[in-house]
Amino acid sequence: IYDDGTTASGFPFETDSRIWSDPSILDMDGEKIIFAGSYDGTFYAINGDGSLRFSISVGYGIVTSPSFTTINDIPYIFFGSKDGYVYAVDTDGNSLSGWPIYVGGWINSSIAFSDLDNDQVVEIVVANNTGKISCYNIDGTLYPHFPINYTFGFISSITINDVDMDGDLEILAGNTNSLVVIDVKESTISDNSNYWYTFRGNNRRPGYLTIETDLEIEGCTDPEASNYDPAATVDDGNCEYDSDGDGVIDSEDSDPNNPFQCSDLDGDTCDDCSTGTFNPSDDGYDYDGDGQCDDGDCDDDNDGCQECWDYCP
């Protein structure tokens, strides 16, 4: 719904069950994608025009608000489920390598991220309703000293910040009995604002992340070239062409403008493109079927005498 009260074209989008958590929105190079999980265990990605981008069925209720992080400049969406797993997918629904991860219990708390050890690589923090706080590396392995188990289950989302301003980060989470604070004793950045470090991203709770990928992929960008790469965004200056359409690129063609002349790789004196297409095994008439064209075959009738000096043709 727009701020003037009108409904956007393509909406409302109907799910198969109730949505229990706040949706999150990813703005990727101006393309907006809405992510939300439903109580029947379906995770939805909805395009800005109201069409379904993808859906994932996990079988159990999803009550966490989706969280975002980038790994190698690629955005990933994390969410937990009542099946005890944490899922990580890209914007097309493909799983991150090493995920999903089984944590156990119900995951009611949204996932939080930060760089706990200042290695410029994000860590993933998860809490569940059995009282366990877990921290993972991006490959799905556990971060040192985790998991940490408590008596009471966690029902609130996690916050990661340097609350005591001592140069390392603290992990805060509320359970059914108290507020738990874990002091991570590793020096790291004090500014945590570049990460989705709390419920819905930051203290303003926007649930919105803007990403400009602008990934440069080098390759041949000319559709007319033989080695055209549709995924390339920057031309690398190495486009190759086949001007005469004989199947041999110009740089390797003895006559780039003549489809019946290109090379003689098999050395039989017949041009490999004598038929108009590169084919050394069919580059001229072969009377005796020995694989060598008659023009270069000194015994083209296979009578055992060399025609070059054949006195018994």
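Up top you'll find the structure we're talking about.
Let us look at the structure shown here.

## Here's the deal with the sheet that holds strand β1 (residues 24-28)
- If you walk across this open sheet you meet the 5 strands as β4-β3-β2-β1-β16, and the pairing is mixed. In this open sheet, the two edge strands, each paired with only one partner strand, are β4 (52-57) and β16 (208-211). Averaged over all pairs of adjacent strands, the angle between strand axes in this sheet comes to 15 degrees, irrespective of strand direction.

## Describing the nonpolar core
- Counting residues in each nonpolar core, the largest one holds 34 residues, and the members touching the most others are F35, F43, F78, V86, W99, I111 and V126.
- Elements with a minimum of two residues in this core: β1, β2 (31-37), β3 (42-47), β4, β5 (67-71), β6 (74-80), β7 (85-89) and β10 (123-127).
- Once residues lying within four places of it in the same chain are set aside, the contact partners of F35 are P23, S24, L26, F43, Y44, A45, F54, P66, F68 and I77.
- V125, F146, I160 and V184 belong to the second largest nonpolar core, which has 18 residues in total.

## Side note on the state of the cysteines
- Applying the stated criterion across every chain, the model contains 2 disulfides.
- Each disulfide pairs two cysteine sulfurs, and for C262 the partner residue is C273, the sulfurs being separated by 2.1 Å. Because the torsion about its S-S bond is 95 degrees, the bridge between C262 and C273 counts as right-handed. Taken together, the residues C262 in the segment after β18 (234-235) and C273 in the segment after β18 connect sequence positions 11 residues apart. The exposure classification of C262 matches that of C273, with both residues buried.

## So, the pairing of strand β14 (residues 168-174)
- Of all 7 residues in β14, 7 are buried, a share of seventy percent or more.
- Taking the residues between adjacent antiparallel strands as the criterion, strand β13 (residues 159-161) and β14 are bridged by 6 residues, where M165 takes a positive phi near 55 degrees.
- Judged from the 6 bridges that link them, β14 and strand β15 (residues 179-187) form a sheet pairing that is antiparallel. Opposite A173, over in β15, you have V180 as the bridge partner.
- Taking the residues that link successive antiparallel strands as the turn, the β14-β15 hairpin has 4 residues.

## Considering the layout of surface pockets
- Roughly 390 Å³ of volume is contained in the largest pocket.
- In this structure, the largest pocket is lined by 18 residues; those nearest its centre are T69, T70, N194, Y195 and W196.
- Contributions of two or more residues to the lining of the largest pocket are made by β5 and β16.
- The leading source of residues in the lining of the largest pocket is β5, at 4 residues.
- Across the lining of the largest pocket, the residue classes tally to 10 nonpolar, 8 polar and no charged.
- Of the volumes computed, that of the second largest pocket is approximately 320 Å³.
- Taken together, 14 residues line the second largest pocket, and the ones lying closest to its centre are F11, F13, P23, I34 and I46.

## Quick word on the environment of N94
- Residue placement: N94 occurs in the loop between β7 and β8 (101-102).
- Sequence separation between N94 and F54 is 40 residues; the distance between their C-alpha atoms is 9.8 Å.
- Every residue in contact with N94, bar those within four places of it in the chain, is listed here: A88 and V89.

## With respect to the pairing of strand β11 (residues 132-136)
- Taking burial as the measure, the 5 residues of β11 include 5 buried ones, the bulk of the element.
- Of the two faces of β11, the one lined by K132, S134 and Y136 and the one lined by I133 and C135 are each fully buried.
- Judged from the 4 bridges that link them, β10 and β11 form a sheet pairing that is antiparallel. Bridging across to β11, A127 finds its partner in I133.
- What sits between β10 and β11 in their antiparallel hairpin is a turn of 4 residues, with G131 showing a positive phi close to 95 degrees.

## Section: the sheet that holds β13
- An order of β13-β14-β15 is seen for the 3 strands of this open sheet, with the pairing classed as antiparallel. Looking at the sheet topology across the chains shown, the edges are occupied by β13 and β15. Averaged over all pairs of adjacent strands, the angle between strand axes in this sheet comes to 20 degrees, irrespective of strand direction.

## So, a negative patch on the surface
- Negative charge collects at one region of the surface, where E216, E218, D235 and D236 lie side by side.
- Looking at the element boundaries, D235 is found in strand β18.
- For D235, a relative accessible area of 37% translates into the label partly exposed.

What counts and how
- Residues numbered from 1 in each chain as written.
- Predicted model: local features only at pLDDT ≥ 70, side-chain atom pairs only at ≥ 80, totals over all residues.
- Heavy atoms only, no water.
- Pairing = 2+ DSSP bridges.
- Helix = DSSP H or I, 4+ residues; strand = E, 2+ residues; numbered from the N terminus.
- Axes fitted to C-alpha atoms, helices over the stretch in contact; angles between N-to-C directions.
- Core = buried A, V, L, I, M, F, W, Y, C linked by side-chain atoms within 4.5 Å.
- Buried < 20%, exposed > 50% of the residue type's maximum accessible area, 1.4 Å probe, protein only.
- Contact = heavy atoms within 4.5 Å.
- Disulfide = S-S within 2.5 Å.
- 1 Å grid on protein atoms, 1.4 Å probe; cavity = no way out; pocket = protein on both sides within 12 Å on 5 of 7 lines; lining within 4 Å.
- Points joined across faces, edges and corners; volume = space filled by probe spheres on them.
- Nonpolar A, V, L, I, M, F, W, Y, C, P; charged D, E, K, R; others polar.
- Patch = residues over 30% accessible without salt bridge, like charges linked within 9 Å, V, L, I, M, F, W, Y side chains within 5 Å.
- Areas by Shrake-Rupley, 256 points an atom, 1.4 Å probe, with all protein chains shown as cover.
- Salt bridge = Lys/Arg side-chain N within 4 Å of Asp/Glu carboxyl O.
- Lys, Arg positive; Asp, Glu negative; His and termini not counted.
- Charge placed at Lys NZ, Arg CZ, Asp CG, Glu CD.

As far as function goes, none of this settles anything; it's purely spatial.
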